[in-house]
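# Topology and contacts: notes
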Amino acid sequence: MSEGLFFPVIETKRLTLRPLAADDSESLLDIFSSPEVMKYWNTAPWSGIQDALDFINVSNESMLSEESLVLGVYLKSTGELVGKCMLFNHDKESKRAEVGFGLGQHYWGKGYINEAGEALIQYGFNALGLRRIEAEIDPDNHASAKALEKLGFTLEGVLRQRWEVNGVVSDSALYGRLISDPSSNSLA
Ligand SMILES: CC(C)(COP(=O)(O)OP(=O)(O)OC[C@H]1O[C@@H](n2cnc3c(N)ncnc32)[C@H](O)[C@@H]1OP(=O)(O)O)[C@@H](O)C(=O)NCCC(=O)NCCS
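Below or above, wherever it landed, is the structure these notes cover. (Residues numbered from 1 in each chain as written. Predicted model: local features only at pLDDT ≥ 70, side-chain atom pairs only at ≥ 80, totals over all residues. Heavy atoms only, no water.)

### Here's the deal with the side chain of E134
- Summarising the element assignment, E134 is placed in strand β6 (residues 132–137).
- Here the side chain of E134 touches R132 through a polar contact of 2.7 Å, side chain to side chain.
- In contact with E134, not counting residues within four places along its chain, are R96, A97, E98, V99, F153, Y175 and G176. (Helix = DSSP H or I, 4+ residues; strand = E, 2+ residues; numbered from the N terminus. Polar contact = N/O pair within 3.5 Å; in protein donor to acceptor, adjacent residues only side chain to side chain. Contact = heavy atoms within 4.5 Å.)

Laid out in structure tokens, this is it:
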């Protein structure tokens, strides 16, 4: 597998997905310092620019080692960074990875994850050779559950009381999509 495969530029109708750069750190911090955006994450909202720079550095290292594919999501019309999407926990032998998304609150509900997510998933299946993509979410995260269902994921199970973050215990809902599953999405 060539290194370039983990540093792609992917175009959709309204969006460009590409690796994050240090220049994106202010915009990333704006998005991921929001308690609303981070409500269902298992980490606290980011508190300073170093969090953003560390995220970009760790992402680039994990892409070099082919463990993850972390892409910024940019509006084609303005060049604005609206969020990030990623395939992580890549298991090359089992041809599987986990998917994750996060958009700035201002950009929710515009179908961007439907569009970016399908493009990322198709890249995972067709370019990276994945057979299975999975997602783990808090069952109370209805926006994420709906977005995954629209992207053709199936709810495969619930793991009870899997997390405890700052004393709050929560379940995990596990979703999966196989390359052989029918695609329900025509946007990407
Ligand atoms: C989850 C998230 C990525 C969804 O992105 P999005 O671009 O707003 O999603 P889309 O606009 O593509 O919407 C997909 C579907 O979910 C629905 N949806 C969006 N927000 C919703 C909400 N709060 N409650 C219920 N459904 C919702 C949309 O209506 C759409 O369905 P429809 O086409 O039938 O109307 C976004 O809300 C987000 O970044 N949340 C914070 C971070 C997060 O929790 N990430 C998940 C961890 S993996």
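### Looking at the site of the ligand
- For the ligand, the set of nearby residues contains 18 residues, the closest of which are L103, G109, G111, N141 and K150.
- W108 has a polar side-chain atom sitting 3.3 Å from an oxygen atom of the ligand.
- A distance of 2.9 Å separates an oxygen atom of the ligand from a polar atom in the side chain of K150.
- When the free accessible area of the ligand is taken as 930 Å², the share hidden by the protein chains comes to 72%.
- Counting residues per element, the ones that place at least two in the shell around the ligand are β5 (96–103), α3 (112–126) and α4 (142–150).
- The element contributing the most residues to the shell around the ligand is α4, with five residues. (Near = heavy atom within 4 Å. Areas by Shrake-Rupley, 256 points an atom, 1.4 Å probe, with all protein chains shown as cover.)

### Quick look at unusual backbone geometry
- With a phi angle near 50 degrees, N89 is a residue other than glycine that sits in the positive phi range.
- Of note in this structure, Q161 is not a glycine but carries a positive phi near 50 degrees.
- Relative to the elements of secondary structure, Q161 occurs in strand β7 (residues 154–165).

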